[in-house]
Amino acid sequence: MASTDELWDPVFEVPPDFVAGLFRLDGRVAVVTGGGGGLGAAMAKGLAQAGAALAVVDLLDEAAARTVATIEEQGGTAVSCRCDVTDKTAVDELADRVRGELGPVDVLINSAGTAFRSPAEDFPEEEFDRIIALNLKGTYLPCQAFGRHMLTQGSGSIINIASIGAFISYPHASAYNASKGAVLNLTRVLALEWIDRGVRVNGIAPGLCDSPLTRARARQSSVTSDFLQARMLRKELILPSELVGAAVFLASDASLRVTGHTLLVDDGYTAV
């Protein structure tokens with residue numbers, strides 16, 4: 001039988017204050033697309049509270065400015081950036097601008113997205129195109145632009161916002177679920193390609209959240225919300241602030257060995 005001394009190894013030691021430092025983002029720069037409201041705004045504020053300097057990106061200037069104002073009121077550093085994340089030239093210019101204003105980017109959260117609810121047989125083509133453009137291309141282009149800089153510096157964490165719709169199906173969301181399934185696999189591919197160059201790529205897949213987008217789409221058609229809520233274990237919508245812990249975890253050194261993973265924040269929905 002092995003002795004206690006034989007079982008002990010210094011590699012198992014956890015230094016004092018090790019855990020507290022794991023989740024801090026002091027001295028780092030983070031970019032959040034769709035940061036003007038809903039999930040993106042909550043995660044931007046959370047990263048700022050963890051110590052990061054933020055570039056809050058949104059198509060709406062006023063929305064991004066509101067998030068920045070809150071971060072600054074809480075003692076953080078942030079800039080607002082207007083950008084159409086489906087426009088490659090605009091996204092490339094954004095990456096250069098943020099690097100010039102705040103320094104090398106350490107964290108990117110792709111939270112810009114949209115939805116539309118309709119039976120598949122009647123789904124408008126223009127809405128399908130809009131959803132695929134923003135949810136998929138609008139994730140891919142920032143990954144590409146900021147990923148290049150991260151690969152050059154040999155470090156970085158990218159977090160793509162997917163959905164439980166990437167794992168399960170529900171009615172009246174054919175384009176949305178297709179886009180989020182693509183985001184899930186894009187996340188895996190990028191993680192595979194970039195793992196040996198220091199860039200981690202992960203995702204967060206929320207369940208049904210209490211956000212402006214969810215409320216707007218529920219008014220458009222309640223079929224999707226009713227379907228999901230009928231199967232919820234606790235019958236409660238997830239709050240945007242309840243994604244902050246997952247975002248800080250994946251952005252920080254606490255998840256240093258995590259890549260290619262999409263973390264479900266669904267209140268146990270997919271466990272049933």
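See above for the structure.
Residues numbered from 1 in each chain as written. Predicted model: local features only at pLDDT ≥ 70, side-chain atom pairs only at ≥ 80, totals over all residues. Heavy atoms only, no water.

### Some points on the packing of aromatic side chains
Enumeration according to the criterion identifies one aromatic pair in this entry. Seen in terms of ring centroids, F116 and F123 are 5.7 Å apart; in terms of plane orientation they differ by 80°. Their pairing is edge-to-face. Note on accessibility: F116 and F123 belong to one class, buried. Between R231 and the ring centre of F227, over which it is positioned, the NZ or CZ distance is 3.6 Å. (Phe/Tyr/Trp six-rings, centres within 6.5 Å; stacked < 30°, edge-to-face > 60°. Buried < 20%, exposed > 50% of the residue type's maximum accessible area, 1.4 Å probe, protein only. Lys NZ or Arg CZ within 6 Å of the ring centre and 35° of its normal.)

### Re a nonpolar patch on the surface
Residues V14, F18, V19 and F23 make up a contiguous nonpolar surface patch of about 360 Å² in total accessible area. For V19, the location among the structural elements is in helix α2 (residues 18-22). (Patch = residues over 30% accessible without salt bridge, like charges linked within 9 Å, V, L, I, M, F, W, Y side chains within 5 Å. Areas by Shrake-Rupley, 256 points an atom, 1.4 Å probe, with all protein chains shown as cover. Salt bridge = Lys/Arg side-chain N within 4 Å of Asp/Glu carboxyl O. Helix = DSSP H or I, 4+ residues; strand = E, 2+ residues; numbered from the N terminus.)

### Thoughts on the pairing of strand β6 (residues 199-206)
In terms of burial, β6 is largely enclosed, as eight of its eight residues are buried. Both faces of β6 are covered, namely the face carrying V199, V201, G203 and A205 and the face carrying R200, N202, I204 and P206. Bridge count for strand β5 (residues 156-161) against β6 is six bridges, and the pairing is parallel. Bridge pairing in β6 links I158 to V201. In this view, the connection linking β5 to its parallel neighbour β6 by way of helix α7 (residues 174-194) has right-handed handedness. Two elements, β6 and strand β7 (residues 262-265), share four bridges in a ladder whose sense is parallel. Across the sheet, residue I204 finds its bridge partner in β7, namely L263. (Pairing = 2+ DSSP bridges. Right-handed = clockwise from strand over helix to strand, strands pointing away.)

### As for the pattern of salt bridges
Scanning the model with the defined rule gives seven salt bridges in all. Two residues, R28 and D253, come together in a salt bridge whose shortest N-O distance is 2.9 Å. Within this pair, whereas R28 is found in the loop between α2 and β1 (29-33), its partner D253 is found in the loop between α10 (244-251) and β7, the two being separated by 225 residues in sequence. For R28, a relative accessible area of 22% puts it in the partly exposed group. For D253, a relative accessible area of 31% translates into the label partly exposed. In this structure, D92 engages K88 in a salt bridge whose closest nitrogen and oxygen atoms are separated by 3.3 Å. With a gap of four residues between them, D92 and K88 both fall in helix α5 (residues 88-102), about one helical turn apart. Taking the relative accessible area as the measure of exposure, D92 reaches 23% and is therefore partly exposed. Through salt bridges that share partners, K88, D92 and R148 make up one connected network.

Geometry only, nothing functional implied.
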